[in-house]
Amino acid sequence: RVPVVNPRLARPLYERLGMAIEQGLVASCHDCSDGGLAAALAETAFAGGFGLEVDCSFSDLSPAETLFSESASRFVVSVRPDQKAAFESLMTGR
């Protein structure tokens, strides 16, 4: 299955993520379009000097498809614990 961008859903995501970045709620952000989720997670881990344990059970795809599917409108975002509630509120619109 080739990922398809849904502009109706993608635009509000980009706008909210942009606001979160402008408000200083985001510590890091990597897109999944080049190398998929695996590359974005690796870049995040390398930058922070941490390792990762990844659970792919959230997806109905195989772990390989979940980790290496390249698609737009998906991001790996790091948020400080004290900014978590504000970030989630902004991103969900609540």
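Anything mentioned here points back to the structure above.
First, a word on scope: everything that follows refers to the structure included in this document. (Residues numbered from 1 in each chain as written. Predicted model: local features only at pLDDT ≥ 70, side-chain atom pairs only at ≥ 80, totals over all residues. Heavy atoms only, no water.)

Right, let's get into the overall build of the protein. In terms of helices and strands, the protein carries four helices and two strands. Taken over the C-alpha trace, the protein has a radius of gyration of 14 Å; the compact-globule value for 94 residues is 12 Å, and the two agree within 12%. A principal-axis box enclosing the C-alpha atoms of the protein has dimensions of 35 × 35 × 20 Å. The buried share among the 94 residues of the protein stands at 26%. Pairs at least 24 residues apart make up 77% of the contacts formed inside the protein by residues separated by at least 6 positions. Just so you have it, the protein exposes about 6600 Å², and 57% of that area is on carbon and sulfur atoms. For the protein, the distance from the average position of its 8 positive side-chain charges to the average position of its 12 negative side-chain charges is 10 Å. (Helix = DSSP H or I, 4+ residues; strand = E, 2+ residues; numbered from the N terminus. Rg over C-alpha atoms; globule rule 2.2 N^0.38 Å. Buried < 20%, exposed > 50% of the residue type's maximum accessible area, 1.4 Å probe, protein only. Contact = heavy atoms within 4.5 Å. Areas by Shrake-Rupley, 256 points an atom, 1.4 Å probe, with all protein chains shown as cover. Lys, Arg positive; Asp, Glu negative; His and termini not counted. Charge placed at Lys NZ, Arg CZ, Asp CG, Glu CD.)

Once that is clear, we can look at helix 1 (residues 7-22). In this model, helix 1 (16 residues) spans 22 Å end to end at C-alpha, consistent with the 22 Å of a helix rising 1.5 Å per residue. Listing the buried residues of helix 1 in full gives A10, L17 and A20. One face of helix 1 carries all of its buried residues, which in axial projection span an arc of 90 degrees. Opposite the buried face of helix 1, at more than 90 degrees from it, the exposed residues are P7, R8, R11 and E22. Between the side-chain oxygen at the start of helix 1 and the backbone nitrogen of R8 there is a gap of 3.0 Å, and the oxygen is on N6. One or two positions beyond helix 1, positive phi appears at G24, with a value near 75 degrees. (Expected span 1.5 Å × (residues − 1). Arc of directions from axis to C-beta. Polar contact = N/O pair within 3.5 Å; in protein donor to acceptor, adjacent residues only side chain to side chain.)

Moving on to a negative patch on the surface. A cluster of acidic side chains, namely D31, D34, E43 and E70, defines a negative patch on the protein surface. Inspection of the secondary structure puts E70 in the loop between helix 3 (63-68) and strand 2 (75-78). For E70, a relative accessible area of 44% corresponds to the partly exposed category. (Patch = residues over 30% accessible without salt bridge, like charges linked within 9 Å, V, L, I, M, F, W, Y side chains within 5 Å. Salt bridge = Lys/Arg side-chain N within 4 Å of Asp/Glu carboxyl O.)

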